Structures are given as structure tokens and as C-alpha cells.
Amino acid sequence: MQKLIDSISGIDLTAVQPEQLCRKHGTFRCNSTGSGRDKKYSYRHGASTPIGDIEDSVWKTAAEAVVKRDGLEQEVTQILPYVSFASDTSAENRISAINAVFSGLYKDTLWVSFVEYNRNYHPELLTDAELVEVIPLCCNRLGQITADRLYYDRYSQTIPCPYCGRFSPFRWPEDVGEKGGSDEQDEQNA
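Procedures and definitions
- Each chain has its residues counted from 1, running along the sequence as written.
- Under the rules for a predicted model, residues below a pLDDT of 70 receive no local features and side-chain atom pairs below 80 are neither given nor counted, while totals for whole chains, interfaces and linings still include all residues.
- Side-chain numbers here rest on the full set of heavy atoms in the structure, without hydrogens or water.
- Only runs of H or I of at least four residues qualify as helices and only runs of E of at least two qualify as strands under DSSP, and these elements are numbered from the N terminus.
- Radius of gyration: over C-alpha atoms. The globule rule applied is 2.2 Å multiplied by the number of residues raised to the 0.38 power.
- Only protein chains enter the calculation, and the probe is 1.4 Å; a residue is then buried if its accessible area is under 20% of its type maximum, exposed if over 50%, and partly exposed in between.
- In this analysis, two residues are considered to be in contact whenever any of their non-hydrogen atoms come within 4.5 Å of each other.
- By the counting rule applied here, Lys and Arg register as positive and Asp and Glu as negative, while His and the ends of each chain are not counted.
- Working definition for charges: the position is that of NZ of Lys, CZ of Arg, CG of Asp or CD of Glu.
- Pairs were defined over the aromatic rings of Phe, Tyr and Trp, the Trp ring being its six-membered one, requiring ring centres within 6.5 Å. Orientation was assigned from the angle between planes: stacked under 30 degrees, edge-to-face over 60, tilted for the rest.
- Only when the NZ of Lys or the CZ of Arg is both within 6 Å of the ring centre and within 35 degrees of the ring normal is a charge said to sit over the ring.
- In short, DSSP must find at least two bridges between two strands for them to pair.
- Angular values range over 0 to 180 degrees, each being the angle between N-to-C directions of two axes fitted as lines to C-alpha atoms, with helices fitted over their stretch in contact.
- To qualify as a nonpolar core, a set must consist of buried Ala, Val, Leu, Ile, Met, Phe, Trp, Tyr and Cys residues joined through side-chain atoms within 4.5 Å.
- In this description, the arc belongs to the directions extending from the helix axis to the C-beta atoms.

Caption draft 1: Highlighting the overall build of the protein. When helices and strands are tallied, the protein shows seven helices and nine strands. Its C-alpha radius of gyration of 23 Å places the protein more than 25% over the 16 Å reference for a compact globule of 190 residues. Judged by the C-alpha coordinates and their principal axes, the protein covers about 85 × 40 × 30 Å. Relative to its full complement of 190 residues, the protein shows a buried share of 38%. Pairs at least 24 residues apart make up 52% of the contacts formed inside the protein by residues separated by at least 6 positions. Averaging the positions of the 20 positive and the 28 negative side-chain charges in the protein gives two centres separated by 11 Å.

Spelled out as C-alpha cells, the structure:
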């Protein structure tokens, strides 16, 4: 069983590293006191992390402190649009963004937005990544994804489109001629 952390004093904010606060999944506990009709229930929501099960409000306080301490606010702001959901509140989206930064999501070549995000914010990460040019059939435009992502999606034979984000079948650039485009466009260009 993981160590329960229900107070900010249970975390050394001067030494804790961002990856130690990375949320693996949410947790839930139901506590009861008393008996019979005097029985009272309370609920605890938390986050399972490498250092223990941290109560949600404590995790938020610790995470914000680490973001401020390590100067990660700009990274959190940059990654926010890539990990946000319209149905979530702004607070939930901020938690997702902080967790994405703490987990190093933007360094993961399997991440769907790896090429787009790092082209804008960390071009040095693209120099080490093996990029592959493909033409997703949904948008029918030449785009790049990582070779790792292509290999990961090999059985579904679809890729995340670099333009619209949908998972789509794809073609290789050499399959449609030098200029790309659809078969009809290739015939018109001939």
C-alpha cells in the first residue's frame, strides 16, 4: 500500500523533483466514523504518485510550488492547448498540463503532437528524432511523424494526422508521385 500524504508537510518542497509528483492515476477512499445512525462518511480523492498517494488539494499545492520553484510556468502554458479538453474545467486542464510537463510528455516520440509541439518550442528534440514523411488520407497533404509513432501504429495501419489530429490511413510520398496529392491530381499533372 502506498504511503498516504494528506498534508503539505508530508512533502519536502525544497527537494521533491517534478517526476516524483507525476500522477499515475486518481485514487478514492471512503472513510467512516461512528456507528448506527451516528455513522458519518467522508471521502478522499487523491493522486497516485511515485512518492505516495497524495490528497488532491495537497498535490495541487505541491505541484504549483514545484512549477514556480523550477521555472516551469512557460512550459505549462505552452503545453496547455495540446492536452486540454473542451469538456474539462480550466483547473482540470491546468492539472493535465502540469502533469504532462512533470512526466516529460513533450520528450516522448510516441506522443501524437511530438513533432508539432517541438517544432514550435523545442526544435533541438527533433534533431535526435527519426522523422518520417507520410500523406494522411484525411487531409491528403505531406506531413511528418516520428518513426516510433509509425511503428507503434503499424497494426492499425493508421496514423495521427499532423494537420487535423484524426487517426487516418496514409500513403507514402513515393506512392503518389513527386508532388504528392491524390491520384486524380497526379493524373492531371501528367
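Caption draft 2: Region of interest: the packing of aromatic side chains. Taken as a whole, this structure holds seven aromatic pairs when the rule is applied. When the ring of Tyr-82 is compared with that of Tyr-117, the centres are 5.1 Å apart and the planes differ by 90°; the resulting orientation is edge-to-face. With a gap of 35 residues between them, Tyr-82 in helix H2 (residues 73-83) and Tyr-117 in helix H4 (residues 114-121) connect regions that are remote in the sequence. Overall, Tyr-82 belongs to the partly exposed group, its relative accessible area being 21%. Note on Tyr-117: relative accessible area 0%, which makes it buried. Where Tyr-106 meets Tyr-117, the ring centres are 6.0 Å apart and the plane angle is 50°; that geometry is what we call tilted. Here the residue Tyr-106 occupies a position in the loop between helix H3 (90-103) and H4, and Tyr-117 occupies one in helix H4, the gap between them amounting to 11 residues. Residue Tyr-106 is classed as buried on the basis of its relative accessible area, which comes to 11%. Aromatic ring contacts, followed pair by pair, group Tyr-82, Tyr-106, Trp-111, Tyr-117 and Tyr-121 into a single cluster. Cation over ring: Arg-141 sits above Tyr-163, and NZ or CZ is 3.8 Å from the ring centre. The ring of Tyr-151 carries Arg-154 above its face, with NZ or CZ at 3.8 Å from the centroid.

Caption draft 3: The arrangement of the sheet that holds strand E9 (residues 170-171) in detail. The antiparallel open sheet is built from three strands, whose spatial order is E6-E5-E9. The open sheet has two edge strands, strand E6 (143-146) and E9, and neither has a second partner. On top of the sheet, H4 reaches strand E5 (131-136) and E6; it is set at about 100° to E6, its chief contact.

Caption draft 4: Molecular detail of the nonpolar core. Of all hydrophobic cores here, the largest spans 30 residues; its most connected members are Ile-11, Leu-21, Ile-54, Trp-59, Ile-79, Ile-98 and Phe-102. Sorting the residues of this core by element identifies helix H1 (56-70), H2, H3 and H4 as the ones contributing at least two each. In this structure, Leu-21 is in contact with Val-16, Thr-49, Ile-51, Ile-54, Trp-59, Ala-62, Ala-63, Val-66, Asn-99 and Phe-102, ignoring residues within four places of it in sequence. Val-132, Val-134, Ile-145 and Ala-147 belong to the second largest nonpolar core, which has six residues in total.

Caption draft 5: Expanded view of H4. Looking only at H4, the buried set comprises Phe-114, Val-115, Tyr-117 and Asn-118. Down the axis of H4, the smallest arc covering the buried residues is 165°, so these residues share one side. Residues of H4 that are buried sit in contact with H2, helix H5 (123-128), E5 and E6.

Caption draft 6: Representation of the pairing of strand E3 (residues 40-49) within the structure. Where strand E2 (residues 25-33) lies against E3, nine bridges are found, and the strand directions are antiparallel. Following the sheet pairing, Phe-28 is matched in E3 by His-45. Here E2 folds back onto E3 in antiparallel fashion, the turn holding six residues, of which Gly-34 has a positive phi close to 80°. One ladder, built from four bridges, connects E3 with strand E4 (residues 52-55); its direction is antiparallel. Looking at the pairing, Thr-49 lines up with Gly-52 of E4. The antiparallel pairing of E3 with E4 creates a hairpin that spans two residues between the two strands.

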